[in-house]
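One letter stands for each residue in the lines below.
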Amino acid sequence: DIELPAPQRKLLEALAPLGKPTVFVHVSGSCMNLTQADAQCNAVLQCFYPGAQGGQALADILFGDVSPSGRLPVTFYRSDKDLPPFEDYSMDNQTYRFFKGDPLYRFGHGLTYGQVAENWLDDHTVELKNQGGMDTQYTVLHFENQSPRNLIGFRKVWLPVGEIILVHF
């Protein structure tokens, strides 16, 4: 299944009554059911397997020295009930392109400490404005306007506070 191990779920339950600001840092190789963490914590940070400099990168994000700028490369489902049987190799109701349900976090989900507004001017041009209080890297995802959803491009840009930039695909 995609549930967190029982000791981790119990720890989350024990932390909730304390009323302290909590960041749930999740290290895994793929999606897990993070609905409990999402509901009980102030923030959820997915690290996957960060490598040798992962601790420093995580500290830089948690202490506000760097704005997070990644996007999820997978969909985070609410439970394994959202998924077809493991033996089903069709793409029906699987991956970001074909999933028909309401995931916890969609493929491409990601937040920054900036407050970036996207304004698509046409099918190939987006205007970005950082309305927040921190400079940030920002990853723009370009999807085809059709069903199933289809990622056709992305750009990572530097976006200082108050700046407006155009990104062309």
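Please refer to the structure higher up on the page.
This one's a predicted model, so the numbers in the text were calculated from it and none came from an experiment.

1. Observations concerning the pattern of salt bridges
Here comes step 1: Evaluated as defined, the whole model comprises two salt bridges.
Here comes step 2: Residue R71 pairs with E118 through a salt bridge whose shortest N-O separation is 3.8 Å. Separated by 47 residues along the polypeptide, R71 in the loop between α3 (54-62) and α4 (95-98) and E118 in strand β3 (residues 116-122) bring together distant segments of the chain.
Here comes step 3: In this structure R71 comes out as partly exposed when scored by relative accessible area, which is 24%.
Here comes step 4: For E118, a relative accessible area of 35% translates into the label partly exposed.

2. Thoughts on a nonpolar patch on the surface
Here comes step 1: A cluster of nonpolar side chains, namely L11, L15 and L18, defines an oily patch on the protein surface of about 280 Å² accessible area.
Here comes step 2: Inspection of the secondary structure puts L15 in helix α1 (residues 6-15).
Here comes step 3: According to the relative accessible area criterion, L15 is partly exposed, its value standing at 31%.

3. Here we look at the sheet that holds strand β7 (residues 164-168)
Here comes step 1: Spatial ordering of the open sheet is given by β3-β4-β7, a layout of three strands whose pairing is antiparallel. The strands lining the two open edges of the sheet, one partner per strand, are β3 and β7. Sheet twist, expressed as the mean angle between neighbouring strand axes with direction ignored, is 25°.
Here comes step 2: Pairing geometry for strand β4 (residues 125-130) and β7, over five bridges, is antiparallel.

4. Section: the pairing of β3
Here comes step 1: The pairing of β3 with β4 spans six bridges and is classified as antiparallel. Within β4, the position partnered with A117 by the bridge is K129.
Here comes step 2: With antiparallel pairing between neighbouring strands as the criterion, β3 and β4 make up a hairpin whose turn holds two residues.

5. Describing the nonpolar core
Here comes step 1: Ranked by size, the top nonpolar core spans 15 residues in total, and within it L4, L12, F24, L34, F76, Y77 and Y105 carry the most contacts.
Here comes step 2: F76 has contacts with S30, C31, M32, L34, Q46, F48, P103, L104 and Y105, leaving out every residue within four places of it along the chain.
Here comes step 3: Among the nonpolar cores identified, the runner-up in size contains seven residues, and V126, L128, Y138 and V167 belong to it.

Each value, and the rule that gives it
Residues numbered from 1 in each chain as written. Predicted model: local features only at pLDDT ≥ 70, side-chain atom pairs only at ≥ 80, totals over all residues. Heavy atoms only, no water. Salt bridge = Lys/Arg side-chain N within 4 Å of Asp/Glu carboxyl O. Helix = DSSP H or I, 4+ residues; strand = E, 2+ residues; numbered from the N terminus. Buried < 20%, exposed > 50% of the residue type's maximum accessible area, 1.4 Å probe, protein only. Patch = residues over 30% accessible without salt bridge, like charges linked within 9 Å, V, L, I, M, F, W, Y side chains within 5 Å. Areas by Shrake-Rupley, 256 points an atom, 1.4 Å probe, with all protein chains shown as cover. Pairing = 2+ DSSP bridges. Axes fitted to C-alpha atoms, helices over the stretch in contact; angles between N-to-C directions. Core = buried A, V, L, I, M, F, W, Y, C linked by side-chain atoms within 4.5 Å. Contact = heavy atoms within 4.5 Å.

By themselves these figures say nothing about function.
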